[in-house]
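Observations on the three-dimensional arrangement
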Amino acid sequence: MYNLKISHTNTFLPVLQKLHKLQHLDISDDKDEPYELATVNMSAFSEFLKDPGCLLSLISLDITGKNGVDADTLKAFLKNHPQMRFLGLLETEACQDDFFCEISDPVFKHKLVVSGFASESQVLVSLRRYMQRKFYLQKSLCYLYTFIQNLPDVRLDIVQLVLQSMKTYPKILSVQMAATACLYNLTKFGLSSMIHTSVLKQIVDYTLVAMENFPKQQQLQKNTLLTLCSDRMLVDVSFDRYHCAELVMNSLMAFDDPAMNRMSVAICSILAARISTVETSNLGEKSAYMIRLLDIVKSKADHGEIDIMMKFTLSALWNLTDESPRTCSVFLESGGMKLFLDVLRKFPGESAVETKVLGLMNNIAEVNYLREQLMHEDFISILKQLLHSEHIDVSYFAAGIIAHLASEGENFWNCNCISWNDVILELGSTIARWSVPETEMVAYRSFNPFYPLFSCSNAYQVQLWAAWAIYHVCLKNSKRYCKMIIEDGGAQILKNLLRDPELHPSVADICKEILRIVKEEFPNMINTSL
């Protein structure tokens, strides 16, 4: 009788009285349903329940959404019906009585299952009971949210109920709004680290569906960003990272909320380093995305702010341009070069900013047909200064840009602030002073951009930078990078280079060290590849 419309309660109750074998009675209503006819008169129904002889076979009664039957009447009814196993009281005042929600209450009926909103137990019953009733499902999720604000432990039972609700009503905003808020509470503050990645994948997948279905709903988008903005989610879980990055960028484009924007650029900076170069190109070549990211950098620079959002945005741009010539072109076409020069001038000595800016410029310098656009007097002058930075990562990336530009030869070098001969001499002397850092300064997708530098036989300093770049990451993460050298054909390139009798000893020494490390890590593979 759920949502039943009747014309006269006085004719309904006598009929009900005759149903002696009735076991399940549901007279609940969805309060948002339009009614053409009256529903059950609850005052009359309350009087009906007071009759000790009514509905003696009943084991399940649902009056959800209907006030008018007080707790005392229900207690008396239960006393006369000890076989009762379920009582639906969601959206009724009666569910708040201790008799129905306090286990410590001396008359609490442990075998009676009660739906309601007054306790976690009641709410979970409501979620299970009303999964196919979107109005009560949404209400139950809202009540659930208040009970899971500060969970001490993972609750997979609740996670699965929330996911089921998202699966059941993917296009119902009210359900998705409440469910995405719950998911964040269920995974925040380290809880996600205790959840298996297979479950986290479901969480991410349904979160992305919600993002896609409701792109203009700011609070829902914020809920989803809160859930996604976690290293555990973004790094350890297998999902469509490109699709996620695209949805997050769309959210960044749609809303000008500082907290949301901060999360968006953080997520993008992480994802951009973990999608393929084809995917980064597809993402980065969208000029609207590029302009939005550059606008954030400009706003921060104009206000002299170096905050977490500024750093994440610079990281996102750096990762998006990595081995992506098209994205590098869009960056230049969107005025990125001028902006980044302004940033370097605005924040001198800020190594966190300088490293990210120069890292991106390195990506551009790796593209031979874009190098000419980096040959600006102001930029080369700044590079010359940063080459001698006390921070090795700043010096390293400045040297990398110079190495790529210098590899084009003396005729290409058209700067008045320093000659080609002088710049390669400074390059060599700088690299000679470096000590290998304690940690990786950068993560490389491949060494393919470096191999052409070994052909620059008229400037061993260029070769030296390429060799040092490969060597320092192999020392820190030999398993990853040694395999990369073999798969890229780098081992053969280095061996061929060592056959050159005119190879500078400093370059030869580093190349030999690289091959030694590779051979130690993969003795069988190196033997077959050389």
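No experiment lies behind these values; they were computed from the predicted model shown.

1. A word on the side chain of T73
Positionally, T73 belongs in helix α3 (residues 71-80). By relative accessible area, T73 is classed as buried at 6%. Excluding residues within four positions of it along the chain, T73 makes contact with S46, L49 and K50.

2. Some thoughts on the sheet that holds strand β3 (residues 86-88)
Backbone-to-backbone hydrogen bonds pair the strands of a sheet. The strands run either parallel or antiparallel. Here 4 strands make up an open sheet; going across it, the order is β1-β2-β3-β4 and the pairing parallel. Of all strands in the sheet, those bounded by a partner on one side alone are β1 (24-26) and β4 (113-115). Here the average twist between neighbouring strands, direction ignored, is 5°. As defined by bridge partners, β3 adjoins β4 across 3 bridges and the pair is classed as parallel. Counted as the bridge partner of L87 is V114 from β4.

3. What about the environment of E120?
Residue position: E120 is located in helix α5 (residues 120-129). The partly exposed category is assigned to E120, whose relative accessible area is 23%. When the C-alpha atoms of E120 and I148 are compared, they prove to be 8.7 Å apart, with 28 residues separating the residues in sequence. Setting aside residues no more than four positions away along its own chain, E120 makes contact with F147, R155 and I158.

4. Examining the nonpolar core
Core analysis: the largest hydrophobic core is formed by 158 residues, its most contacted members being L144, V162, F340, Y396, F447 and W465. Top element by residues in this core is helix α23 (residues 460-476). It accounts for 11 residues. For this core, the domains that each give at least three residues are domain 2 (149-233) and domain 3 (240-374). The contact partners of L144, leaving out residues within four places of it in the chain, are V123, L124, L127, I158, V162 and C182.

Criteria and thresholds
- Residues numbered from 1 in each chain as written.
- Predicted model: local features only at pLDDT ≥ 70, side-chain atom pairs only at ≥ 80, totals over all residues.
- Heavy atoms only, no water.
- Helix = DSSP H or I, 4+ residues; strand = E, 2+ residues; numbered from the N terminus.
- Buried < 20%, exposed > 50% of the residue type's maximum accessible area, 1.4 Å probe, protein only.
- Contact = heavy atoms within 4.5 Å.
- Pairing = 2+ DSSP bridges.
- Axes fitted to C-alpha atoms, helices over the stretch in contact; angles between N-to-C directions.
- Core = buried A, V, L, I, M, F, W, Y, C linked by side-chain atoms within 4.5 Å.
- Domains from an automatic or database assignment.

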